Amino acid sequence: MRVSLGPGEPAEAPRGLDEAWPLVGRDAVIERATAALNGPSRSVLVYGASGIGKSRVMHTVAERLADDAWCVLAASGNTALSAVPLGALAPVLAGDPVAMITAADEPVALFAAASAAVRGIAGGRRTILTVDDVSAVDSVSVALIAQLVETGMLRLIATVRESDPVPDGLLSLAASGDAVRLDLAPLDVDEVSELLTRVLGGPIAHRDAVELHRVSHGNPLFLRELAIGAAEAGSLVAADGLWQLVGVPVGTPALRDLIRARLRVLGDDERDTVERLALCEPLAFDEFARPGAPEALAKLELRGLIRVDESGARMRVGLAHPHYASAVRDSIPRLRAVSLLLEQADVVASRPMSPGDELRVAIWRLDAGRPSDAELLARTAALARMAHDRRTAERLAAAAVAAGADDAGTLLLHGELLWSLGRAEDALATLARAEERARADGGPEELLAAIGAARADVFGGDPLGSARGLELLESLERTLPGQSATIALSKAVLLVNLEYAHEALAHVESAAAVSGDSEFEQAVLQLSRAMPLATLGRSDEAVAAAEHAVAFAKGEHSVIPQRRAEIVHAHALIAADRLDDARSTVIESLHDAIRHDDELTARLDEFLMGRIFWQLGRLDTAARWFRDTQGGAELHGPKSLREFAICFLAILAAEQGDLGLARGFRARVIEGLDVDNSVTALADAWIAVGEGRPDAAAATILARVDVIEPRGAVSVAAGLLHQLARFGARTHARTAAGRLERLVAASDSPAVRRRLAHARAEADADAAALRTVGAEWESIGHLLYAAEAFASAGQAARADGRGREATADLQRAASLAAACEGARTPLLRFSEGTEPLTPREREIASLAAQGLSSNEIATRLFLSPRTVNNHLQSTYAKLGIRGRHELQA
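Nothing here was measured: the structure is a model prediction, and the numbers come from that model.

(A) Spatial organisation of the overall build of the protein. When helices and strands are tallied, the protein shows 44 helices and ten strands. Computed over its C-alpha atoms, the radius of gyration of the protein comes to 32 Å, within 12% of the 29 Å expected for a compact globule of 889 residues. Principal-axis analysis of the C-alpha atoms gives the protein an extent of 100 × 85 × 45 Å. Expressed as a percentage of the 889 residues in the protein, the buried residues total 54%.

(B) Local environment of the sheet that holds strand 2 (residues 71-76). Spatial ordering of the open sheet is given by 2-3-4-1-5, a layout of five strands whose pairing is parallel. Where the open sheet ends on each side, the last strands, each with one partner, are strand 2 and strand 5 (180-183). Each strand axis lies, on average, 15° off the axis of its neighbour in the sheet, ignoring direction. Most of the contacts of helix 1 (residues 27-38) go to strand 5, to which it runs at about 170°, and overall it touches strand 1 (43-48), strand 3 (127-132), strand 4 (155-161) and strand 5.

(C) Expanded view of helix 27 (residues 562-575). Here helix 27 is 14 residues long and its end C-alpha atoms lie 20 Å apart, about the 20 Å a rise of 1.5 Å per residue gives. The buried fraction of helix 27 is high, at ten of 14 residues. Residues of helix 27 that are buried include every one of Arg563, Ala565, Glu566, Ile567, Val568, His569, Ala570, Ala572, Leu573 and Ile574, and no others. Two residues or fewer past helix 27, Asp577 is found with a positive phi of approximately 65°.

(D) Representation of the sheet that holds strand 10 (residues 316-319) within the structure. With antiparallel pairing, three strands are arranged side by side in an open sheet as 8-10-9. Where the open sheet ends on each side, the last strands, each with one partner, are strand 8 (283-284) and strand 9 (306-309). Here strand 8 pairs with strand 10 via two bridges, running antiparallel. Counterpart to Ala284 in the pairing with strand 10 is Arg316.

(E) Inspection of the side chain of Ser466 at higher detail. Along the chain, Ser466 turns up in helix 22 (residues 466-479). In terms of polar contacts, Ser466 uses its side chain to reach the side chain of Asn497, at 3.5 Å. Non-local contacts of Ser466, meaning those with residues more than four positions away in its chain, are made with Phe459, Gly460, Leu494, Asn497 and Leu498.

(F) Spotlight on the nonpolar core. Ranked by size, the top nonpolar core spans 111 residues in total, and within it Trp614 and Phe626 carry the most contacts. Beyond its immediate stretch of four places on either side in the chain, Phe626 contacts Phe607, Gly610, Arg611, Trp614, Ala645, Phe648, Leu649 and Leu652. In terms of nonpolar packing, the next biggest core, distinct from the first, is built from 56 residues, Ile228, Leu236, Leu255 and Val328 among them.

(G) Quick look at the packing of aromatic side chains. Considering all chains together, one arrives at eight aromatic pairs under this definition. Between the aromatic rings of Phe520 and Phe552, the centroid separation amounts to 6.3 Å while the plane-to-plane angle is 50°, which identifies the pairing as tilted. On the criterion of sequence distance, the pair formed by Phe520 in helix 25 (residues 519-535) and Phe552 in helix 26 (residues 539-553) is long-range, its members being 32 residues apart. An aromatic cluster is built from Phe607, Trp614, Phe626, Phe644 and Phe648, whose rings are joined through pairwise contacts. Over the ring of Tyr47 we find Arg181; its NZ or CZ atom is 3.6 Å from the centre of that ring.

(H) Local environment of a nonpolar patch on the surface. A contiguous nonpolar surface patch, about 200 Å² in accessible area, is contributed by Val237, Val246 and Leu635. With respect to the helices and strands, Leu635 occurs in helix 30 (residues 619-636).

(I) Examining the confidence of the model for the protein more closely. Averaged over the protein, the pLDDT score is 90; the fraction of residues at 70 or greater is 95%. Looking across the protein, the model is least confident in helix 4 (residues 97-102), with a mean pLDDT of 59, and most confident in helix 35 (residues 714-725), with 98.

(J) Layout of the environment of Arg390. Following the sequence through the fold, Arg390 ends up in helix 18 (residues 390-402). Each C-alpha atom of the pair Arg390 and Glu599 lies 9.8 Å from the other, and the pair is 209 residues apart in sequence. At 3.3 Å, the side chain of Arg390 and the side chain of Asp598 are in polar contact.

(K) Quick look at unusual backbone geometry. That bond from Glu281 to Pro282 is cis: its omega, -5°, falls within 30 degrees of zero. If you trace the backbone, Pro282 turns up in the loop between helix 12 (268-280) and strand 8. For the bond running from Gly637 to Pro638, omega is -5°, close enough to zero to count as cis. By secondary structure assignment, the location of Pro638 is in the loop between helix 30 and helix 31 (639-655).

(L) Quick look at the pattern of salt bridges. Evaluated as defined, the whole model comprises 74 salt bridges. In this structure, the salt-bridge partner of Asp272 is Arg290, at a minimum N-O distance of 3.3 Å. Separated by 18 residues along the polypeptide, Asp272 in helix 12 and Arg290 in the loop between strand 8 and helix 13 (293-302) bring together distant segments of the chain. A relative accessible area of 3% places Asp272 in the buried class. In this structure, Arg529 engages Glu509 in a salt bridge whose closest nitrogen and oxygen atoms are separated by 2.8 Å. With Arg529 in helix 25 and Glu509 in helix 24 (residues 501-514), this residue pair connects regions lying 20 residues apart in the sequence.

Calculation rules
- Residues numbered from 1 in each chain as written.
- Predicted model: local features only at pLDDT ≥ 70, side-chain atom pairs only at ≥ 80, totals over all residues.
- Heavy atoms only, no water.
- Helix = DSSP H or I, 4+ residues; strand = E, 2+ residues; numbered from the N terminus.
- Rg over C-alpha atoms; globule rule 2.2 N^0.38 Å.
- Buried < 20%, exposed > 50% of the residue type's maximum accessible area, 1.4 Å probe, protein only.
- Pairing = 2+ DSSP bridges.
- Axes fitted to C-alpha atoms, helices over the stretch in contact; angles between N-to-C directions.
- Contact = heavy atoms within 4.5 Å.
- Expected span 1.5 Å × (residues − 1).
- Polar contact = N/O pair within 3.5 Å; in protein donor to acceptor, adjacent residues only side chain to side chain.
- Core = buried A, V, L, I, M, F, W, Y, C linked by side-chain atoms within 4.5 Å.
- Phe/Tyr/Trp six-rings, centres within 6.5 Å; stacked < 30°, edge-to-face > 60°.
- Lys NZ or Arg CZ within 6 Å of the ring centre and 35° of its normal.
- Patch = residues over 30% accessible without salt bridge, like charges linked within 9 Å, V, L, I, M, F, W, Y side chains within 5 Å.
- Areas by Shrake-Rupley, 256 points an atom, 1.4 Å probe, with all protein chains shown as cover.
- Salt bridge = Lys/Arg side-chain N within 4 Å of Asp/Glu carboxyl O.
- pLDDT = per-residue confidence, 0-100.

Shown next, in the form of structure tokens:
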């Protein structure tokens with residue numbers, strides 16, 4: 001589904017949230033159930049938690065059977081009627097339910113009457129009986145259903161709620177060899193994202209799909225109520241066609257009432273246990289001190305209300321779903337909550353405590369309004385940060401400062417935590433106070449250097465702030481000569497931001513000269529080396545340095561954050577064209593960052609995903625990641641990534657031929673960024689190409705290369721020159737090749753050599769060389785570059801009179817371009833003899849190339865499967881291929 005992505009366009013209010021939601025992620029189970037009932041199976045039982053979609057699946061199967069001329073009968077269980085004989089089945093089979101209920105004591109007569117009723121209703125058609133919540137059906141109806149199925153009068157599909165038993169009367173049927181059991185799993189993140197996108201009418205930020213998946217546990221009912229609640233609260237908003245959460249999803253009163261109704265049947269001991277868990281989870285089994293707690297826990301486990309974790313040294317217990325905790329907390333009177341929190345804190349504090357126990361006790365006392373002493377709060381804030389719980393850590397650090405711990409170390413900790421949460425202005429203010437306090441107290445130089453490095457890091461998150469950060473660090477160098485190593489490493493980061501690779505590496509090596517040989521110091525140095533080395537085009541060294549740092553960061557008690565090390569590793573992998581490796585690293589890092597509220601890491605990961613898919617040639621997918629980056633940066637920072645993401649959105653729009661959209665994005669970039677920035681230069685160049693001004697585009701690229709090449713930014717310069725070769729003019733490709741030859745001499749990077757080979761082949765119009773380059777690009781997943789190389793090979797072959805070769809090259813180019821999500825670059829101009837794909841054919845071909853079935857494509861694009869197949873057949877004919885398998889190839 002294509003959604004308008006115009007810059008600055010606010011999306012409409014969510015439509016259809018209160019209507020029936022589409023069924024997503026259930027095609028396989030529906031197909032299996034339908035095939036089973038059309039085959040030898042007499043019964044299908046659908047199992048799952050409340051709200052998971054059991055009834056929707058059952059009714060969808062029944063609708064498909066009805067389309068095949070089956071007779072569909074529908075019954076449902078009802079706890080209130082479970083004691084009434086035939087309470088479930090009589091209304092379905094009898095025109096006079098009372099008469100059938102009266103005959104319930106005569107089994108033979110009852111079966112005869114029911115059989116006759118089924119024959120009369122079905123009229124010779126095959127019959128399916130749907131039963132919702134079969135565990136709540138009365139025993140007489142259950143027995144009669146079993147008889148009707150066993151004798152072949154009808155077939156059965158029924159739902160069974162999680163933790164409910166199958167009725168005794170159906171056990172033999174459920175255990176038979178032809179019975180089918182379907183267990184509905186929660187939706188995964190991608191399915192949640194697809195469902196929300198379809199309901200909202202536009203894409204939702206990936207990080208928010210992950211968050212909604214986490215809090216809903218993939219339960220469609222919970223997800224629906226959360227989305228409605230967020231929309232009603234104004235915390236689900238959209239701009240530029242992207243939906244985002246700007247607050248915590250709290251759900252609707254209907255969701256809370258649904259949960260409370262399930263908890264209403266609990267006894268006093270069970271209720272006490274649930275309330276403790278709602279406030280303090282997880283708790284170890286031996287931390288439930290109240291008499292009767294073990295028995296209550298056993299009952300709660302049987303009800304499916306708690307989860308038991310035995311993976312550690314101690315058995316731990318938590319509530320089965322996050323919204324159970326929210327619903328229960330909302331219902332606990334404040335004084336009762338304070339009493340429970342303090343009581344549980346005293347239970348844990350009465351025993352020898354681990355650092356983790358200290359953290360829990362501090363949080364509980366803070367929640368109760370009785371915070372611990374300032375020193376303990378500061379210590380536990382540091383523990384929470386080590387546990388990657390940044391939001392809790394910031395809360396504890398703020399409480400420590402409020403309680404009197406306004407020493408420079410605690411203020412530094414608080415400032416760093418604020419920055420990790422994206423609160424740049426608050427972080428700078430806190431760090432300024434930390435520096436004032438450190439100087440007033442005569443703090444050690446190490447502390448002053450750490451505060452200065454933290455401030456410089458925050459400055460670097462501003463689009464124009466790296467130069468300011470460098471000025472700060474240079475002033476510190478003069479006043480803190482003994483801290484040259486720390487300051488040099490911080491300067492190296494900012495210098496890489498500004499593409500001064502030679503100077504950045506020189507600072508790292510100056511720090512290495514005065515550093516020790518400990519594993520920690522060497523890991524820090526290797527982490528600091530990786531980015532300058534990658535920028536210098538020394539890709540193998542960069543990857544090796546980053547891998548060294550990542551290996552250390554993964555060690556126990558490492559103080560180097562693993563995910564930050566992996567981001568550097570991903571940068572090095574991208575520079576080396578190892579995009580699949582980079583993608584797997586980044587997506588894992590992103591999900592971890594979302595779980596731990598690490599906004600900075602999340603933004604960097606989103607931006608890297610955009611870069612990866614851009615280089616892969618998946619332009620729509622890349623645009624979605626850059627929109628995620630833009631939206632997240634506007635809400636949580638850092639501001640610099642907002643600007644870079646908007647520039648890439650302009651580049652992508654230009655590559656897709658939408659010049660107006662590209663100009664709109666470029667106009668939103670802050671003034672001054674284009675003074676010294678490669679991404680703005682590339683955006684300007686692509687827009688110039690779209691305007692028919694390739695010479696101006698070339699001048700922009702070459703001017704930028706002239707600036708950054710002396711700085712050592714080899715990989716960046718090589719990327720820009722390769723873009724120049726893609727602008728469609730052989731003279732520009734020749735210029736690019738000449739400049740790239742100079743860069744290859746200074747670099748050991750296969751990525752730089754690959755770009756030189758492509759530029760040279762374009763300049764020479766060498767069909768054979770272009771095919772070789774195209775095959776190499778294709779082998780590493782760069783499909784757009786591969787498509788362009790084969791398109792140019794086809795044009796060159798045709799110019800040389802080799803028509804058959806030209807046709808084959810152009811067909812291969814078209815097949816590759818079909819997976820590039822609307823790419824319309826100058827090199828993809830096919831000859832008149834090759835009919836181009838329509839936008840709809842490209843869209844469908846791209847989805848098919850990703851492995852989606854015709855039914856899945858039809859559902860996503862709101863088309864019929866027949867229409868999808870017609871488009872695919874047209875695509876195959878135009879590309880000269882025989883089927884989907886060649887499209888994927």
